[in-house]
Amino acid sequence: MKRTVLLDGDRPFYHLYYGNEYGEPGTLLTSFAFGPDRPEGRRGSGQVSSISLSVPRGSLNFWLDRLNSHGLPATRFELLGDQRIRFAHPDGIEHQLVEVDVDERLPWTGADVPAAAAIRGVHSVTVCTREVDELDMFLHEGMGLRSRDADGAVKAYTMARGSAGQVVEVDHQPDIPQGTWGYMRNTIDHVAFDVREADAQLQFKDRLETMGFIDVTEPRDRNYFYSVYFRTPAGAMFEATRSHPQGFLKDETLDSLGSCLQLPSWLEEKQDEMLAELARTQPLD
């Protein structure tokens, strides 16, 4: 639903956004289209290790059949009282589908998946960590989350309502090696949390710094939103993001979202050069 480029560094890489029809917060997954010449990241501690998506109750058998028929082996399991499916993105990143009773987010219905089974949005993210005490304090005091329940090595933390899209799951793995950071293939760079107002975003930044967590950026203009990035004590990168008033419709109409490359104003003069480089190194089917 949006085709743009990674705004860091000199070399252009596609930054592709997927979500529901309106690109609403909580429905978005993004991907950097790195080629094989980009280093492959090492998965491990200090990373977001899994992405879970919300689907309607009763739809897991549909997804099991669909994923397996497309050559993506999927297995069913239960965690934290939820029925789930686990499978891997072609790059190896773990994804889960989680059954929920209620999720009012609009699904994308433009594919061949029926609305009764369609993905509603992000259900939760999992952070893999060797140490939990400081991260527990950070999530409670810094981010205002509350502990919900635990299942073996995994503990859930929720925002105010605790519904789908408001859950962080912490996987305590004390013996796993440290994973890599940075823009690399096959790893998750960061996860974003929606902040509605500029003052709230700055107050959140100030609160983290007052707690001594100074690895926090100033708000960065990302064209469609303003982002404050911060490292958790586990090492995983989080982002507090505030949307542009027009959101993804600032440069495209609703019916044309994702149809062509869109660049921020400060890169428009390089568009022809970028398109040539992208066509040469990262052709999109």
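As shown above, the structure is provided for reference.
A brief structural summary.

The rules we used
Residues numbered from 1 in each chain as written. Predicted model: local features only at pLDDT ≥ 70, side-chain atom pairs only at ≥ 80, totals over all residues. Heavy atoms only, no water. Patch = residues over 30% accessible without salt bridge, like charges linked within 9 Å, V, L, I, M, F, W, Y side chains within 5 Å. Areas by Shrake-Rupley, 256 points an atom, 1.4 Å probe, with all protein chains shown as cover. Salt bridge = Lys/Arg side-chain N within 4 Å of Asp/Glu carboxyl O. Helix = DSSP H or I, 4+ residues; strand = E, 2+ residues; numbered from the N terminus. Buried < 20%, exposed > 50% of the residue type's maximum accessible area, 1.4 Å probe, protein only. Arc of directions from axis to C-beta. Contact = heavy atoms within 4.5 Å. Expected span 1.5 Å × (residues − 1). Axes fitted to C-alpha atoms, helices over the stretch in contact; angles between N-to-C directions. Parallel < 35°, antiparallel > 145°, perpendicular 65-115°, else oblique. Left-handed = near helix turned anticlockwise from the far one by under 90°. Pairing = 2+ DSSP bridges. Core = buried A, V, L, I, M, F, W, Y, C linked by side-chain atoms within 4.5 Å.

1. Describing a nonpolar patch on the surface
Step number 1: A grouping of Tyr-22, Leu-106, Leu-249 and Leu-254 is seen on the molecular surface, where their side chains present a nonpolar patch of about 350 Å² in accessible area.
Step number 2: When you line up the elements, Leu-254 lands in the loop between strand S15 (237-243) and helix H4 (271-281).

2. Describing the pattern of salt bridges
Step number 1: In total, this model carries 19 salt bridges according to the counting rule given.
Step number 2: Here Asp-101 and Arg-57 are joined by a salt bridge, their closest N and O atoms 2.4 Å apart. On the criterion of sequence distance, the pair formed by Asp-101 in the loop between strand S7 (94-100) and strand S8 (121-129) and Arg-57 in the loop between strand S4 (47-56) and helix H1 (60-69) is long-range, its members being 44 residues apart.
Step number 3: For Arg-57, a relative accessible area of 46% translates into the label partly exposed.
Step number 4: A salt bridge links Arg-86 to Glu-94; the shortest N-O distance between them is 3.4 Å.
Step number 5: Looking at Arg-86, the relative accessible area reads 33%, which means it is partly exposed.
Step number 6: Each of Arg-11, Asp-37, Glu-277 and Arg-280 takes part in one network of salt bridges that share partners.

3. Structural notes on unusual backbone geometry
Step number 1: Within the chain, Leu-80 stands out as a residue other than glycine whose phi angle is a positive 55 degrees.
Step number 2: The residue Leu-80 is located in the loop between strand S5 (75-79) and strand S6 (82-88) in this model.
Step number 3: Of note in the backbone geometry, Asn-186 takes a positive phi value of approximately 75 degrees without being a glycine.
Step number 4: Among the secondary structure elements, Asn-186 is positioned in the loop between strand S11 (167-172) and strand S12 (190-194).
Step number 5: According to the relative accessible area criterion, Asn-186 is buried, its value standing at 8%.

4. Remarks on helix H2 (residues 133-142)
Step number 1: Inspection of H2 places Leu-135, Phe-138, Leu-139 and Gly-142 among the buried residues, and these make up the whole buried set. One face of H2 carries all of its buried residues, which in axial projection span an arc of 105 degrees. In this structure, H2 carries Asp-133 and Glu-141 as exposed residues pointing more than 90 degrees from its buried face.
Step number 2: Buried residues along H2 sit against S8, strand S10 (154-158), S11, helix H3 (198-210), strand S14 (225-231) and S15.
Step number 3: Gly-144 sits one or two residues past H2 and shows a positive phi near 75 degrees.

5. A few points about H3
Step number 1: For H3, built from 13 residues, the straight-helix expectation of 18 Å at 1.5 Å per residue is met to within 8% by its first-to-last C-alpha distance of 18 Å.
Step number 2: After H3 finishes, the residue Gly-212 shows a positive phi value of roughly 100 degrees.

6. Notes on the packing of H2 against H3
The description of two helices packed together rests on the angle between their axes and the distance between the axes.
Step number 1: Direction vectors running N to C along H2 and H3 enclose 140 degrees, while the axes themselves pass 11 Å from each other. Comparing their axes, H3 and H2 come out oblique. Between H2 and H3 the crossing geometry is right-handed. For the pair H2 and H3, contact is made by Phe-138, Glu-141 and Gly-142 and by Phe-204, Arg-207 and Leu-208, respectively.

7. Here we look at the sheet that holds strand S1 (residues 2-5)
Step number 1: Spatially, three strands are ordered S1-S2-S3 in an open sheet, and the strand pairing comes out antiparallel. The open sheet has two free edges, formed respectively by S1 and strand S3 (29-32), since each of these has just one partner strand. Between one strand axis and the next, the sheet turns by 20 degrees as a mean value, whatever way the strands run.
Step number 2: As defined by bridge partners, strand S2 (residues 14-18) adjoins S3 across four bridges and the pair is classed as antiparallel. Opposite Tyr-18, over in S3, you have Leu-29 as the bridge partner.

8. Some remarks on the nonpolar core
Step number 1: Counting 41 residues, the largest nonpolar core has Ile-85, Leu-97, Leu-139, Met-143, Phe-230 and Phe-238 as its most contacted members.
Step number 2: In this structure Leu-139 touches Gly-144, Leu-145, Tyr-157, Val-170 and Phe-238, once residues within four positions along its chain are discounted.
Step number 3: Within the second largest apolar cluster, nine residues are counted, among which are Val-5, Tyr-14, Leu-16 and Met-274.

9. Focus on the environment of Phe-213
Step number 1: Within the element layout of this structure, Phe-213 appears in the loop between H3 and strand S13 (220-221).
Step number 2: A C-alpha to C-alpha distance of 23 Å links Phe-213 and Phe-225, two positions 12 residues apart in sequence.
Step number 3: Residue contacts for Phe-213: discarding those within four places in its chain leaves Glu-134, Met-137, Phe-138, Leu-208 and Pro-233.

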